[in-house]
Each structure stands twice: as C-alpha cells, then as structure tokens.
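Structural characterization, general
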Amino acid sequence: MLEIKKSTIKIHNYSKINKLIWENTIIDIEYKGIDSGISEFEKFVKCVCTTKDEESNKKFNINKFNALKSSIGYLISNFKKKSETYAIILTDEEITESVDGGTGKSIFLEAIGKIRSMKEIDGQTLDLNSNFAFSDIEAFHEVINIDDCDRKFNFKKLFHSITGDLQIEKKNQNKITIPFEQSPKFCLSTNHVFKGNGNSYERRKVEIEFSNYFDSNYTPLDEFKHQLYYDWDNKEWNRFINFIIHCCQFYLNNGLIKYNQINLKKKRLHETIGQELADFFDKYIEIEKLFIKNELFDEYNKLNRSQVSLRTFKIGLLYWAETYNDFTLIDKLQRKYKLYATVVTKNKRLNIKNLIDNEVISKFEQYMI
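Let us look at the structure shown here.

Cut-off values and rules
- Residues numbered from 1 in each chain as written.
- Predicted model: local features only at pLDDT ≥ 70, side-chain atom pairs only at ≥ 80, totals over all residues.
- Heavy atoms only, no water.
- Core = buried A, V, L, I, M, F, W, Y, C linked by side-chain atoms within 4.5 Å.
- Buried < 20%, exposed > 50% of the residue type's maximum accessible area, 1.4 Å probe, protein only.
- Helix = DSSP H or I, 4+ residues; strand = E, 2+ residues; numbered from the N terminus.
- Contact = heavy atoms within 4.5 Å.
- Patch = residues over 30% accessible without salt bridge, like charges linked within 9 Å, V, L, I, M, F, W, Y side chains within 5 Å.
- Areas by Shrake-Rupley, 256 points an atom, 1.4 Å probe, with all protein chains shown as cover.
- Salt bridge = Lys/Arg side-chain N within 4 Å of Asp/Glu carboxyl O.
- Arc of directions from axis to C-beta.
- Lys, Arg positive; Asp, Glu negative; His and termini not counted.
- Polar contact = N/O pair within 3.5 Å; in protein donor to acceptor, adjacent residues only side chain to side chain.
- Phe/Tyr/Trp six-rings, centres within 6.5 Å; stacked < 30°, edge-to-face > 60°.
- Lys NZ or Arg CZ within 6 Å of the ring centre and 35° of its normal.
- Pairing = 2+ DSSP bridges.
- Axes fitted to C-alpha atoms, helices over the stretch in contact; angles between N-to-C directions.

1. Here we look at the nonpolar core
- In terms of nonpolar packing, the biggest core is built from 45 residues, with Phe41, Phe44, Ile72, Phe108 and Phe240 touching the most fellow members.
- At the level of elements, helix 1 (40-47), helix 2 (62-76), strand 5 (87-92), helix 3 (105-115), strand 11 (205-210) and helix 7 (234-254) are the ones that each hand at least two residues to this core.
- No other element matches the ten residues that helix 7 contributes to this core.
- The residues contacting Ile72, other than those within four sequence positions of it, are Phe41, Val45, Phe108, Ile112, Phe243, Ile244 and Cys247.
- Grouped together as the second largest cluster of nonpolar side chains are 23 residues, Ala87, Ile137, Ile146 and Tyr201 included.

2. With respect to a nonpolar patch on the surface
- Taken together, Met1, Ile21 and Ile26 make up a surface patch of nonpolar side chains, about 210 Å² in accessible area.
- Inspection of the secondary structure assignment puts Ile21 in the loop between strand 2 (9-11) and helix 1.

3. Quick notes on helix 3
- Within helix 3 the residues assigned to the buried category are Lys105, Phe108, Leu109, Ala111, Ile112 and Ile115. In an axial view of helix 3, the angular spread of the buried residues amounts to 145°, which keeps them on one side of the axis.

4. Things to note about the side chain of Glu84
- Position of Glu84 among the secondary structure elements: in the loop between helix 2 and strand 5.
- Despite its burial, Glu84 remains without a salt bridge, the nearest opposite charge being carried by Lys81 at 4.4 Å.
- In terms of polar contacts, Glu84 uses its side chain to reach the side chain of Tyr251, at 3.2 Å.

5. With respect to the packing of aromatic side chains
- Considering all chains together, one arrives at 30 aromatic pairs under this definition.
- Taking 5.0 Å as the distance between ring centres and 75° as the angle between the ring planes, the aromatic pair formed by Phe159 and Tyr201 counts as edge-to-face. Residue Phe159 is found in helix 4 (residues 159-163), and its partner Tyr201 is found in helix 5 (residues 199-202); the two are separated by 42 residues along the sequence. Both residues of the pair, Phe159 and Tyr201, belong to the buried class.
- Ring centres 5.3 Å apart and planes at 65° place the aromatic pair Phe281 and Phe313 in the edge-to-face group. Of this pair, Phe281 sits in helix 9 (residues 275-284) while Phe313 sits in helix 11 (residues 310-324), and the two are 32 residues apart along the sequence.
- According to the relative accessible area criterion, Phe281 is buried, its value standing at 0%.
- An aromatic cluster is built from Phe41, Phe44, Phe108, Phe210, Tyr213, Phe214, Tyr218, Tyr229, Trp232, Trp237, Phe240 and Phe243, whose rings are joined through pairwise contacts.
- In this structure, Lys185 is placed above the aromatic ring of Tyr74, and the distance from its NZ or CZ to the ring centre is 4.2 Å.

6. A word on helix 9
- Of all the positions in helix 9, only Leu277, Ala278, Phe280 and Phe281 are classed as buried. The arc enclosing the buried residues of helix 9, seen along the axis, measures out at 160°, which places them on a common side.
- Where helix 9 is buried, its residues meet helix 8 (264-273), helix 10 (293-303) and helix 11.

7. Considerations on the sheet that holds strand 10 (residues 185-190)
- Read from one edge to the other, the open sheet built from five strands follows the order 6-7-10-5-11, with strand pairing classed as parallel. Looking at which strands have only one partner, the edges of the open sheet turn out to be strand 6 (118-122) and strand 11. Taking the axes of each pair of neighbouring strands and ignoring which way they run, one obtains an average angle of 20° across the sheet.
- Lying on the sheet, helix 3 is in contact with strand 5, strand 6, strand 7 (143-149), strand 10 and strand 11; it crosses strand 5 at an angle near 155°.
- Here helix 8 sits on the sheet in contact with strand 5 and strand 11, set at roughly 95° to strand 11.

8. With respect to the pattern of salt bridges
- If you walk through the whole model with that rule in mind, you get twelve salt bridges.
- As a salt-bridge pair, Arg151 and Glu271 come within 3.4 Å of each other at their nearest N and O atoms. Taken as a pair, Arg151 in the loop between strand 7 and helix 4 and Glu271 in helix 8 lie far apart in primary sequence, 120 residues in all.
- Here Arg268 makes a salt bridge to Glu207, at a shortest N to O gap of 3.1 Å. Of the two residues, Arg268 is situated in helix 8 and Glu207 in strand 11; the sequence distance between them amounts to 61 residues. As far as the burial class goes, Arg268 and Glu207 line up, both buried.
- What you see here is one network of salt bridges that share partners, running through Glu202, Lys205, Glu207 and Arg268.

So, in structure tokens, the structure goes:
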C-alpha cells in the first residue's frame, strides 16, 4: 500500500497494516518506484488541455493542466475536508450542436477507476428524485462517476450528497448512511452545462473543459498507436502510478485549482437563452446606447426563424446583459404606450436622461407627449 503525503511516499505491506481494508479497493499493480519517464497517461492529459484551431495549430493551456492534475489528485486521495468538497464536472470545450463527445472524458475516468473503487451510473437514466437513486452504491465505493448527464440534469439535487453524509436506500432493506468522512467523491461528465448559478453552485463544483484535440476523426488510438491501459507493459503501468502520485501530492500542496474556462460561460448562455438570441444581442446591442426594447424585439422576430414572445426576449436580454456580461440593464417604462427605453451599461448609477444620443432620445420622446 502506498501512503502519499505532501512531500513523501511510503510503501507499506498489507499484512502489517493495523486496520481493515476492503478487498475491492486493492489495486493489482506491482509498483517499482520512481521512474524518470513520462507516462502515456500524462501525455494524454496534456492532449486534452491542448486546443487545435482550424489550421491544426496547437495551443497548450498550462492553467487547465494544473486544474486537471489537482482534480485527479482530489479524486484519488481519500483525504476529505468540509471546506473543500466538490464534484468534478468534465465537459467539452468546443461549442457545437453535436453531442457525440469523443474528447477523452471516458478514458480519463477509466484512469480514476484503475486507482479507486469507482461506481459508474448512467446520467441519462438516473432519477435523483427517487429514494433508490444510489441503491447500487456499496460502502467500499470511493468515487461515484455519473456519466453522460443530459441538459436536464438537476445538479442541485446532489448538493447534500456532495458535501454531507450519503444516504443509501435499497429495496426491502433498511436505509444506510455513509458518514461524510467515508463517503465517495463525485465526478460527472456531460456534453452540456448544468443550470444554476451563485455561490451554492460554485462551492460544489469544479468544471474542466476537455479540448477538441480528440474527436471522432482523431482518437487516442490514433495518437498513441495502441490502447491506453490494455496494451501497457509493467514499465508503463509504473509510470502511470508515478504520475498519479505526482497529481496527489500536487493536490495536497495546492488544493483544488480552478481556471478561466474557454467556452463554458458562452455554452451556458446558449443553452439558457438559445444561440440565435445570444448572437442577436451580441450584434445589435451597443453598450451605453439607449434603445427602444419593443422595437428591438420586433427586429429580432423579423430577422430570425425562431420567433419568441416578448417575455422570453426580455428574460434573455437580462441574462445576456447581467449574468453573462456582468453589465447592468436599466429600463424606463413609458406607461401610456407600454414602451421601454433601455440601456445596457457598465455604470450601475447611470441616469438615462443624461445619455447624449439625440436621435434615439428624440425618437422616444415622441411617445412622451
């Protein structure tokens, strides 16, 4: 057994450990010690942190790499503390209508399963409203992998399971409670983004975008010329364990690291209000310029195939301005004609009357007679 601390590792003989160990958690890999070679798994992790452009130029994101290393260390470490208990959420960096995936999330999670006793649950069929949602979880499971969650997945339903004790109820059996200290950690994969914003959500998730380095046309098999894990010799397995040790120590020394995601915020915008509406606001809204919201609404419905209601338009505009762009949206209602003079601004104290835009203001004032 390996005992990993911030700066040291120790190898212990199982026969001399004075505590019970689940047989299911024992890894059938013979560890040979530190090896100077770079493991293929580390190369794979670097690949999913490398973005390709249309000319196949590659850009490596060191901040994402460090975030992913800390996530690996977090998931394989049995160290837990209340102030740092998250679900690791793996998603795709590229914004696309396709849900084929293929970016390497499953291969990454397979690595976690080689080190920890992991239970995979189908995110497409998981019903978090059911008392039996976690009926297949056993006391020896160390990681719960909820795979391929769809856009309707209710992440909020996991809040207590992530940060507190885990309740398990099996049919015709008494309910079991796994205390926080022994409860499994959570990792989720999805091609979408989960709904919900605010501190309650941020305190429970670390989101990592997998780049477009791999896809259906270029797979890890194309990159490495053989299957990861299944075609490894003892030397490669040893290098794999060494990289896992490095990730664990990296996490113990640095905690869970977050980074500035590339497209996650925009993906959330598109899935919340729709891409056509988001693109329209990007093109037609001028910051600090006064416009008539009703006229903008009519213009959108003229230009786009997807017709929306005025209510949907207003909600979308508010989300685009304040949640996505961190601007302030200021409205002034002309009650008689039910028209809104609107400004999207960086100045939260802006007075609409002070805007010097004579053409738009005079146009609005014709309704103010």
